[in-house]
Amino acid sequence: MNKRIGIFYGPTGGSTEKVAQLIAKELGAIADLHPIKESTPSMVNNYDIIVFGCSTIGSETWNGEASRSDWDHFRPELKKIQVQGKLFAFFGTGDSVTYPRNFVDGMGILAKELIAQGAQVIGQWPTDGYSFTDSEALINGKFIGLPIDEDYEADKTIARVKGWVELIKKSI
């Protein structure tokens, strides 16, 4: 495979970074790992396959003025990403117990912005085995990417990551 894969994630130092590292390990040497807070659109544009990972701390984080998310600094830059000829995949970390109505919303918000720009998305994931009420990450009855709940379902993370990476590999 000659395609370059870039994994861009935020925030650093928590569950999202842990999952990004697990995905990179499963993909092997073909994947580069980048914290989104240290990234630029030109860095993203250097890759053929782009994996974006984010956490969801609650819907107010994405829309409020007092946001602390690394993604809030990068979101205005999404318009500078070249989507044609590239594949995009998403993963999101969230808490399905405390935030069942906003489970992995951040992943859906990012994906929808890029889809509106014409991005081709791979890695849609079934809702089977998840307990939640609603999510911005649902499109046509599936999650737009891989949801991970490290707070209440950490024992399922490795199996979910392995299954999702295999799905991604089939699409590339």
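Note that the structure is predicted; figures quoted are calculated from it, not measured.

With respect to the overall build of the chain
Of regular secondary structure, the chain possesses six helices and eight strands. Helices and strands appear in the chain in the N-to-C order β-α-β-α-β-α-α-β-α-β-β-β-β-α. A principal-axis box enclosing the C-alpha atoms of the chain has dimensions of 40 × 35 × 30 Å. The 172 residues of the chain split such that 50% are buried. In the chain, of all internal contacts separated by at least 6 residues, the share reaching a separation of at least 24 is 74%. A total accessible area of about 8,200 Å² is found for the chain, and carbon and sulfur atoms account for 47% of it. Charge separation in the chain, taken as the distance between the mean sites of 18 positive and 22 negative side-chain charges, equals 6 Å.

Description of unusual backbone geometry
Residue proline 11 is bonded to the preceding glycine 10 through a cis peptide linkage, with omega at 5 degrees. With respect to the element layout, proline 11 can be found in the loop between strand S1 (5–10) and helix H1 (15–27). Of note, the phi angle at valine 104 is positive, near 45 degrees, even though the residue is not glycine. Take valine 104: it is sitting in the loop between strand S4 (87–93) and helix H5 (105–116). Accessibility expressed as a relative area gives 0% for valine 104, which makes it buried. In this model, asparagine 140 sits at a positive phi of 55 degrees, which is unusual for a non-glycine residue. You can see asparagine 140 is positioned in the loop between strand S6 (138–139) and strand S7 (142–143).

Thoughts on helix H6 (residues 157–171)
The terminal C-alpha atoms of H6 lie 21 Å apart, and with 15 residues this matches the ideal 21 Å at 1.5 Å per residue to within 8%. Every buried residue of H6 is listed here: Thr157, Arg160, Val161, Trp164, Val165 and Ile168. Here the buried residues of H6 occupy an arc of 130 degrees about the axis, which is enough to place them on one side. Those residues of H6 that are exposed and aimed more than 90 degrees away from the buried face are Ile158, Ala159 and Lys170. Structurally, H6 contributes buried residues whose contacts are with H1, strand S3 (49–55), S4 and strand S8 (146–148).

Conventions adopted
Residues numbered from 1 in each chain as written. Predicted model: local features only at pLDDT ≥ 70, side-chain atom pairs only at ≥ 80, totals over all residues. Heavy atoms only, no water. Helix = DSSP H or I, 4+ residues; strand = E, 2+ residues; numbered from the N terminus. Buried < 20%, exposed > 50% of the residue type's maximum accessible area, 1.4 Å probe, protein only. Contact = heavy atoms within 4.5 Å. Areas by Shrake-Rupley, 256 points an atom, 1.4 Å probe, with all protein chains shown as cover. Lys, Arg positive; Asp, Glu negative; His and termini not counted. Charge placed at Lys NZ, Arg CZ, Asp CG, Glu CD. Expected span 1.5 Å × (residues − 1). Arc of directions from axis to C-beta.

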